[in-house]
Amino acid sequence: MLSHEPQPSRFLPSYLRRSLYASIIMIAVLLLVAYSVKWIGTAPFLYWDERIQDAVFPDTAAARYQLLTIAIFITSFGSFRMSLIIALGAATLCWVSLRSKAYSFAILSSFTAMWVLNTLIKEILQRERPSLQHLVEAGGYSFPSGHAMISMGFFGMIFAIWAIERKIRGRSLFLPCALGALLILLIGLSRIYLGVHFPTDIVGGYIAGIIWLVFTVPVIYWRARMQLPSTPHR
């Protein structure tokens with residue numbers, strides 16, 4: 001039976017093609033969401049935005065600043081500078097320790113794609129940030145959240161690679177899945193807590209990141225599986 005999975009020599013063309021598909025669908029979906037909101041009206045969405053913000057964003061100044069240091073630490077993982085450092089470190093680790101150029105390329109391309117696409121989509125939609133007091137400085141537009149896109153599309157790729165390595169060795173996927181989900185969730189919540197994003201901004205960023213992962217992670221998995229030494233038949 002012929003295999004429909006990409007051969008090792010065709011990894012890069014296959015990955016780039018899927019990345020292009022992911023980017024196009026990501027932009028189309030987020031534009032559809034944004035213009036659907038305009039067509040339906042913003043009132044229902046703002047209602048839920050406000051309810052979630054009321055639950056996450058503290059009412060009193062004392063409560064608001066109680067977890068500020070923790071929120072700033074968590075949200076820093078989604079900043080450009082921190083994510084760049086992590087991207088370079090993780091890519092180097094994969095290249096040197098795991099001997100995988102594919103993993104390194106996937107990490108660096110995910111970092112680049114999330115930031116470039118986020119900037120592009122924000123400039124197209126130009127949603128203003130919440131009118132709440134911002135507990136940290138935040139520039140630019142609001143939808144979709146760059147931190148949410150980075151957490152899902154970039155950190156999601158790192159945790160997916162960790163999961164792939166465990167899977168091909170027959171180990172449990174619980175640890176990378178649980179820790180990855182926790183980090184992604186906390187980064188999103190930190191942006192709401194700090195008053196710089198609507199909850200729908202976070203959801204939009206998550207959707208974009210998920211689309212990226214759905215298209216690109218299977219190629220990474222196929223590549224990793226084909227790099228395994230073949231077992232002789234008995």
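Residues numbered from 1 in each chain as written. Predicted model: local features only at pLDDT ≥ 70, side-chain atom pairs only at ≥ 80, totals over all residues. Heavy atoms only, no water.

Some remarks on the overall build of the protein
When helices and strands are tallied, the protein shows nine helices and zero strands. Counted from the first residue to the last, the protein has its helices and strands arranged as α-α-α-α-α-α-α-α-α. A total of 234 residues make up the protein; the buried ones form 45% of that total. For the protein, long-range pairs separated by at least 24 residues make up 80% of all intrachain contacts whose partners lie at least 6 apart in sequence. Accessible area of the protein: about 13100 Å², with a carbon and sulfur share of 68%. (Helix = DSSP H or I, 4+ residues; strand = E, 2+ residues; numbered from the N terminus. Buried < 20%, exposed > 50% of the residue type's maximum accessible area, 1.4 Å probe, protein only. Contact = heavy atoms within 4.5 Å. Areas by Shrake-Rupley, 256 points an atom, 1.4 Å probe, with all protein chains shown as cover.)

A closer look at helix α8 (residues 174-193)
In a regular helix each residue adds 1.5 Å, so 20 residues correspond to 28 Å; α8 covers 28 Å between its end C-alpha atoms and thus fits that length. Of the residues making up α8, those classed as buried are Pro 176, Gly 180, Leu 183, Ile 184, Ile 187, Gly 188, Ser 190, Arg 191, Ile 192 and Tyr 193. Phi for Gly 195, located one or two positions after α8, is positive at around 80°. (Expected span 1.5 Å × (residues − 1).)

Side note on the confidence of the model for the protein
Within the protein, residue pLDDT values average 82, and 78% of them lie at 70 or more. A low-confidence stretch, residues 1-6 stays under pLDDT 50, and its non-local contacts, those more than four residues away or across chains, total five contacts. (pLDDT = per-residue confidence, 0-100.)

Focus on the pattern of salt bridges
In the structure shown here, the tally under the stated rule is one salt bridge. Here Glu 165 ties to Arg 169 by a salt bridge, and the two come within 2.6 Å at their closest N and O atoms. Looking at Glu 165, the relative accessible area reads 13%, which means it is buried. (Salt bridge = Lys/Arg side-chain N within 4 Å of Asp/Glu carboxyl O.)

Topic: the nonpolar core
Residues Tyr 15, Met 26, Met 157, Trp 212 and Ile 220 are the most contacted members of the largest nonpolar core, which totals 49 residues. Among the secondary structure elements, those contributing two or more residues to this core are α1 (11-40), α5 (80-96), α6 (101-125), α7 (146-168), α8 and α9 (199-226). Among residues more than four places away in sequence, those in contact with Ile 220 are Phe 11, Tyr 15, Ala 102, Tyr 103, Ala 106, Met 157, Ile 161 and Ile 164. Grouped together as the second largest cluster of nonpolar side chains are five residues, Leu 68, Ala 71, Tyr 193 and Val 196 included. (Core = buried A, V, L, I, M, F, W, Y, C linked by side-chain atoms within 4.5 Å.)

Quick word on the packing of α6 against α9
Each packed pair of helices is defined by two parameters, the angle between the axes and the distance between the axes. The geometry of α6 relative to α9 is characterised by a closest axis approach of 11 Å and an angle of 170° between their N-to-C directions. Taken together, the axis directions place α6 and α9 in an arrangement best described as roughly antiparallel. Residues Ala 102, Tyr 103, Ala 106, Ser 109, Ser 110, Ala 113 and Met 114 of α6 touch α9, and the partners they reach there are Gly 209, Trp 212, Ile 220, Arg 223 and Ala 224. Of the residues in the contact of α6 with α9, the class split is eight nonpolar, three polar and one charged. (Axes fitted to C-alpha atoms, helices over the stretch in contact; angles between N-to-C directions. Parallel < 35°, antiparallel > 145°, perpendicular 65-115°, else oblique. Nonpolar A, V, L, I, M, F, W, Y, C, P; charged D, E, K, R; others polar.)

Structural notes on α6
The terminal C-alpha atoms of α6 lie 36 Å apart, and with 25 residues this matches the ideal 36 Å at 1.5 Å per residue to within 8%. Backbone geometry just after α6 places Gln 126 at a positive phi near 50°.

What about the environment of Ile 192?
Following the sequence through the fold, Ile 192 ends up in helix α8. Separated by 10 residues in the primary sequence, Ile 192 and Ile 202 place their C-alpha atoms 8.2 Å from one another.

A few points about the packing of aromatic side chains
Between two aromatic rings, the relevant description is the distance of the centres plus the angle of the planes. A full pass over the atoms with the stated rule returns seven aromatic pairs. Note on Tyr 15 and Phe 105: the rings are 5.5 Å apart at their centroids and 75° apart in plane angle, and the pair reads as edge-to-face. Taken together, the residues Tyr 15 in helix α1 and Phe 105 in helix α6 connect sequence positions 90 residues apart. Classification of Tyr 15 by relative accessible area gives buried; the value is 1%. The exposure class of Phe 105 is partly exposed, given its relative accessible area of 31%. Centre to centre, the rings of Phe 80 and Phe 111 are 5.5 Å apart; their planes meet at 45°, and the pair counts as tilted. In this pair, Phe 80 is assigned in helix α5 and Phe 111 in helix α6, connecting sequence segments 31 residues apart. Counting every residue linked through ring pairs, the aromatic cluster contains Phe 80, Phe 111, Trp 115, Phe 154 and Phe 155. (Phe/Tyr/Trp six-rings, centres within 6.5 Å; stacked < 30°, edge-to-face > 60°.)

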